[in-house]
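Coordinate inspection notes
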Amino acid sequence: MTGPLNAGEPALVGDAVTLVEGSTFCLSDAAGDVDPGAAHGLFVRDARALSRWQLRLDGHRPQPLSVLAPDAYAARFVLRRPPLAGLADSTLLLTRERLVGDGLRVK
């Protein structure tokens, strides 16, 4: 872990981003994906409520650029689409916003 949970950075354990509020927590990768077979998921009162949630653009995983977490229960994942063939850089930037509390809210 890089610092206290409320220090403006998400809790990073290995490659997992952890958001927590009370007895609810969510573990995902740096792109915000919840991968099956990993320790990822949404957990409410020690029960896993979500074990797979993956975003794909044109069949590809978005590339993570940054994770911003103003609070221990909220995060914004900044991603880009992998560059298209013949282009040096991506032409699409996207964000995933996540709030954990009495369940999970996303934008």
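Residues numbered from 1 in each chain as written. Predicted model: local features only at pLDDT ≥ 70, side-chain atom pairs only at ≥ 80, totals over all residues. Heavy atoms only, no water.

A short note on the sheet that holds strand β6 (residues 63–71)
Sheet architecture is open: four strands sit in the order β6-β7-β8-β9, paired in antiparallel fashion. Two strands bound the open sheet, and with one partner strand each, they are β6 and β9 (103–106). Between one strand axis and the next, the sheet turns by 20° as a mean value, whatever way the strands run. In this structure, strand β8 (residues 93–101) lies alongside β9, joined through four bridges in antiparallel fashion. (Pairing = 2+ DSSP bridges. Helix = DSSP H or I, 4+ residues; strand = E, 2+ residues; numbered from the N terminus. Axes fitted to C-alpha atoms, helices over the stretch in contact; angles between N-to-C directions.)

Digging into the confidence of the model for the chain
Per-residue confidence for the chain gives a mean pLDDT of 85; residues scoring 70 or more make up 87%. For the chain, strand β1 (residues 11–13) is the element with the lowest average pLDDT, namely 52, and strand β7 (residues 74–80) is the one with the highest, namely 95. Overall, residues 1–8 carries pLDDT values under 50, and its contacts beyond four positions in sequence, including any with other chains, amount to twelve contacts. (pLDDT = per-residue confidence, 0-100. Contact = heavy atoms within 4.5 Å.)

Things to note about the environment of L79
One can find L79 in strand β7. The class for L79 is buried, based on a relative accessible area of 0%. C-alpha of L79 to C-alpha of L92: the two residues are 13 residues apart in sequence and 8.7 Å apart in space. The contact partners of L79, leaving out residues within four places of it in the chain, are A30, A31, L55, P62, Q63, P64, L65, L92, L93, L94 and R96. (Buried < 20%, exposed > 50% of the residue type's maximum accessible area, 1.4 Å probe, protein only.)

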